[in-house]
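# Residue-level structure breakdown
So you can see what is in the structure, the chains are spelled out below.
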Amino acid sequence: MPDNVTGGFEHLLLLTGTFGILLALLWLIKGKDRRRGGRTTSATLTTTTTPQATPAASNWWSALSKTRVKFTTFTHATEISALREQLEEACLISDLGVSNTQEVLDQIPWADLVSLPENEKIRKAKTSLVSLMTPWLKMPEQQWPQIRNGEPCVIWFVGVNGVGKTTSIAKFAQELISKGHSVMLAAGDTFRAAAGEQLETWADRLGITCIKGQAGADSSAVLFDAIQSAKSKNIQFLLCDSAGRLHNQGQLMEALSKNKRVMDKALPNAPHEILLVLDAHTGQNMISQAEHFLNAVNVTGLFLTKLDGTARGGAVVAVARKTGLPIRRLGLGESAQDLTPFEPAPFVNALVGIES
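All values derive from a computational prediction rather than experimental measurement. (Residues numbered from 1 in each chain as written. Predicted model: local features only at pLDDT ≥ 70, side-chain atom pairs only at ≥ 80, totals over all residues. Heavy atoms only, no water.)

Quick look at the state of the cysteines now. Applying the stated criterion to the full structure yields 0 disulfides. Between cysteine 210, a free cysteine, and cysteine 240, which holds the nearest cysteine sulfur, the sulfur-to-sulfur gap is 9.9 Å. Among the residues examined, cysteine 210 registers a relative accessible area of 13% and is labelled buried. Accessibility expressed as a relative area gives 0% for cysteine 240, which makes it buried. (Disulfide = S-S within 2.5 Å. Buried < 20%, exposed > 50% of the residue type's maximum accessible area, 1.4 Å probe, protein only.)

So, in structure tokens, the structure goes:
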């Protein structure tokens, strides 16, 4: 075969091969797209929808994802008895509590749902849950905390060890600083090793002052000195830590009562806010903790931490209803921005899976 013919034939094979490879690649890409778009869903009826509303609503939705699972997946819910049983299970697993669960289920107008299609039946039942539980939650004031004229607003954080008091104080201090307020910290936990150093480290990061004493020192004296310092420096907000554990429960409550009396001597009516910090992961245990602290000091509000990832979001409703106290902030994550003001309606909507 002549060289020119051989060369032309080889050139043709090369072009054909390259074109074939391109066609194969295009076929593979199209095949992946078809498979990705054609995935099937489970036969179990799921009513979860992701809200397209505000970032705040999105935060609630994300933080309550584990709690919401039982409220958004139903099987054989055409029968009212089956739907009620599954809603009861969802409420109990979320740690809403037995009495609260029975009360709210008894008030749902089940007779009105009998003739509705399954999807609508589920939606109406959950909407009733929202309308019944939302009034159990106290709506916090929009402008909180308030700046006081000519004196610092003293906010005292109480709670057992491990609930996140120190971190909550640091996050809240950052929130106040970002709004242009002057802030000082007081290391009122002189019992736990390194508690004062931990709060002082946060203060250094935030560029603010932390008043602390020696380990084992009288915590009341530390708080007294901190109030005097905040007054002299015209600080707007003084955030005070407290001990969360002493040798026994009685000693702790006695020490807190003394702390409160001393702060009132340093500044009449101080502390102006007493915030009980609770770990949302502990569920119904939050109620027993709240009762102990309510008996010892006049708690004025709740700070709930570690809500992200918990399957016990119903306990938030339970403790708020039991105490009658406003939830001042909820911790939805690790960053300072995840400490968010509480809003009853978006919270309950996200809890049961109703899009706001």
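What follows is about the nonpolar core. Residues Met133 and Phe347 are the most contacted members of the largest nonpolar core, which totals 77 residues. Within the second largest apolar cluster, 23 residues are counted, among which are Trp144, Ala187, Cys210 and Leu275. (Core = buried A, V, L, I, M, F, W, Y, C linked by side-chain atoms within 4.5 Å.)

Residue proline 145 follows tryptophan 144 across a cis peptide bond; omega there is -5 degrees. Within the fold, proline 145 resides in the loop between helix H6 (118–133) and strand S3 (153–158). Backbone torsion omega between alanine 270 and proline 271 reads 0 degrees, so that peptide bond is classified as cis. As for its placement among the helices and strands, proline 271 is situated in the loop between helix H10 (249–266) and strand S7 (273–279). Phi at aspartate 95 takes a positive value of approximately 70 degrees, unusual for a residue other than glycine. Tracing the backbone shows aspartate 95 in the loop between helix H4 (80–93) and helix H5 (98–106). (Helix = DSSP H or I, 4+ residues; strand = E, 2+ residues; numbered from the N terminus.)

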